[in-house]
Amino acid sequence: MYDAGDIMKFGFPMAFTATMLSLAILEYGENMKTVKQLGHARDSLKWITDFLINAHPSENVLYIQVGDPELDHQCWERPEAIRGIRPSTQVNTSFPGTEVAEETAAAMASASLVFKNINSSSSNLLLEHVQQLFSFADAYRGSYSVSIPQVQSYYNSTGYEDELLRAATWLYHASKDLSYLKYVTD
Ligand SMILES: *[C@@H]1O[C@H](CO)[C@@H](O)[C@H](O)[C@H]1NC(C)=O
Ligand SMILES: *[C@@H]1O[C@H](CO)[C@@H](O)[C@H](O)[C@H]1NC(C)=O
Ligand SMILES: *[C@@H]1O[C@H](CO)[C@@H](O)[C@H](O)[C@H]1NC(C)=O
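Residues numbered from 1 in each chain as written. Chains lettered and ligands numbered in written order. Predicted model: local features only at pLDDT ≥ 70, side-chain atom pairs only at ≥ 80, totals over all residues. Heavy atoms only, no water.

- Per an unreviewed UniProt entry, the protein carries the name cellulase and comes from Populus alba x Populus x berolinensis.
- For the protein, the Catalytic activity (unreviewed entry) comment in UniProt is given as "Endohydrolysis of (1->4)-beta-D-glucosidic linkages in cellulose, lichenin and cereal beta-D-glucans."
- The Sequence similarities (unreviewed entry) comment attached to the protein in UniProt states, word for word, "Belongs to the glycosyl hydrolase 9 (cellulase E) family." (UniProt positions renumbered as here; feature names shortened; annotations may be inferred.)

Dropping the structure here:
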């Protein structure tokens with residue numbers, strides 16, 4: 001989950017990566033199985049979604065970054081040897097981050113489909129988090145790089161409409177709840 005050889009955790013690209021991994025497993029899982037990689041792919045995804053679940057401790061709070069990128073980039077260090085301060089950054093109702101929360105929702109919704117027939121409690125837990133995250137990010141709309149300008153130097157955002165639709169689409173597939181289909185088509 002560390003970013004580009006650093007020991008930063010950036011939630012936005014991490015969530016995107018998880019969504020792509022889910023998509024790859026859903027589309028190409030049979031091929032992965034043939035070359036005995038399906039278990040590894042699922043384990044990698046579970047590692048990320050376990051983190052994302054913990055990063056969402058209450059309905060309207062999502063931690064989107066761990067570490068200080070300025071300090072981190074000045075220091076080559078093994079993750080095993082981290083000693084410095086690890087500040088964490090959250091989005092919430094006063095400092096919303098619709099794109100990062102919705103990309104996280106998309107990651108969780110797609111992963112809940114991957115785990116559906118593997119571990120139903122894991123799949124259901126993810127869906128509970130997704131529904132909360134989707135509502136939070138839709139009700140409190142704002143770009144995380146406007147709320148928290150420091151993130152602009154790393155993973156800037158140009159808007160959140162695409163993530164809203166992406167999350168609602170995955171949520172519809174994962175939950176079969178027609179209200180999400182209506183959300184997207186409206
Ligand atoms: C909400 O998020 C902002 C930005 O990360 C943070 O500064 C603030 O402390 C958070 N609010 C609460 C109540 O934790
Ligand atoms: C299923 O997922 C839950 C929640 O993540 C976890 O506690 C449990 O160990 C998992 N069960 C198996 C058999 O992997
Ligand atoms: C981040 O993106 C916004 C919106 O496109 C843009 O206005 C801003 O200049 C960008 N910030 C940086 C540091 O590139």
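There is more to say, and it comes next.
**Section: the overall build of the protein**
No. 1: Per the secondary structure count, the protein includes eight helices and three strands.
No. 2: Put simply, the protein runs from its N terminus to its C terminus through helices and strands in the order β-α-α-β-α-β-α-α-α-α-α.
No. 3: Computed over the C-alpha atoms, the radius of gyration of the protein is 17 Å, within 12% of the 16 Å expected from 2.2 N^0.38 for a compact globule of 186 residues.
No. 4: Based on the C-alpha atoms only, the size of the protein along its principal axes is roughly 45 × 40 × 25 Å.
No. 5: Per-residue burial over the protein gives 45% buried out of 186 residues.
No. 6: If you take every contact in the protein between residues at least 6 apart in sequence, the share linking residues at least 24 apart comes to 74%.
No. 7: Carbon and sulfur atoms make up 53% of the accessible area of the protein, which amounts to about 10,000 Å² in all.
No. 8: Of the charged side chains in the protein, 13 are positive and 22 negative; the average position of the first set lies 9 Å away from that of the second. (Helix = DSSP H or I, 4+ residues; strand = E, 2+ residues; numbered from the N terminus. Rg over C-alpha atoms; globule rule 2.2 N^0.38 Å. Buried < 20%, exposed > 50% of the residue type's maximum accessible area, 1.4 Å probe, protein only. Contact = heavy atoms within 4.5 Å. Areas by Shrake-Rupley, 256 points an atom, 1.4 Å probe, with all protein chains shown as cover. Lys, Arg positive; Asp, Glu negative; His and termini not counted. Charge placed at Lys NZ, Arg CZ, Asp CG, Glu CD.)

**A word on the packing of helix H1 (residues 11–34) against helix H4 (residues 98–114)**
When two helices pack together, their arrangement is given by the angle between the helix axes and the distance between those axes.
No. 1: Where H1 contacts H4, the two axes come as close as 8 Å, and the packing angle between them is 25°. By the criterion of interaxial angle, the relationship of H1 to H4 is roughly parallel. For the pair H1 and H4, the sense of crossing is left-handed. Residue-level contacts link Gly 11, Phe 12, Ala 15, Phe 16, Ala 18, Thr 19, Ser 22, Ile 25 and Leu 26 of H1 to Glu 99, Val 100, Glu 103, Thr 104, Ala 106, Ala 107, Ser 110, Ala 111, Leu 113 and Val 114 of H4. (Axes fitted to C-alpha atoms, helices over the stretch in contact; angles between N-to-C directions. Parallel < 35°, antiparallel > 145°, perpendicular 65-115°, else oblique. Left-handed = near helix turned anticlockwise from the far one by under 90°.)

**Digging into the site of ligand 3**
No. 1: In the vicinity of ligand 3, the contacting residues are Gln 152, Asn 156, Ser 157 and Thr 158.
No. 2: Between ligand 3 and Gln 152 there is a distance of 2.9 Å, counted from a nitrogen atom to a side-chain nitrogen or oxygen.
No. 3: Alone, ligand 3 offers 360 Å² of accessible surface; in the complex the protein occludes 37% of this.
No. 4: Class assignment of the residues belonging to the shell around ligand 3 gives a composition of no nonpolar, four polar and no charged. (Near = heavy atom within 4 Å. Polar contact = N/O pair within 3.5 Å; in protein donor to acceptor, adjacent residues only side chain to side chain. Nonpolar A, V, L, I, M, F, W, Y, C, P; charged D, E, K, R; others polar.)

**Points about the packing of H1 against helix H2 (residues 38–54)**
No. 1: Close contact between H1 and H2 brings their axes to 10 Å; oriented N to C, the two are set at 155°. Our classification of the angle between H1 and H2 gives roughly antiparallel. Of the two possible hands of crossing, H1 and H2 adopt the one that is left-handed. Across the interface between the two elements, Met 14, Ala 18, Leu 21, Ser 22, Ile 25, Gly 29, Met 32 and Lys 33 of H1 pack against Leu 38, Ala 41, Arg 42, Ser 44, Leu 45, Ile 48, Phe 51 and Leu 52 of H2.
No. 2: Class assignment of the residues belonging to the contact of H1 with H2 gives a composition of eleven nonpolar, three polar and two charged.

**Some remarks on unusual backbone geometry**
Generally, phi is negative for residues other than glycine and the peptide bonds are trans, each holding for most cases.
No. 1: Despite not being glycine, Ala 4 has its phi angle at roughly 50°, a positive value.
No. 2: Structurally, the position occupied by Ala 4 is in the segment before strand E1 (9–10).
No. 3: At Lys 36, a residue that is not glycine, the phi angle is positive and equals roughly 60°.

**Things to note about the nonpolar core**
No. 1: Counting 42 residues, the largest nonpolar core has Ile 64 and Val 91 as its most contacted members.
No. 2: Mapped onto this core, the elements with two or more residues apiece are H1, H2, strand E2 (62–66), H4, helix H5 (120–139) and helix H7 (161–175). (Core = buried A, V, L, I, M, F, W, Y, C linked by side-chain atoms within 4.5 Å.)

**Considerations on H5**
No. 1: Taking 1.5 Å of rise per residue, 20 residues should cover 28 Å, and H5 covers 29 Å from first to last C-alpha, within 8% of that figure.
No. 2: The set of residues buried in H5 consists of Ser 122, Ser 123, Leu 126, Leu 127, His 129, Val 130, Leu 133, Phe 134, Phe 136 and Ala 137.
No. 3: Against H2, E2, strand E3 (88–91), H4, H7 and helix H8 (178–185) lie the buried residues of H5. (Expected span 1.5 Å × (residues − 1).)

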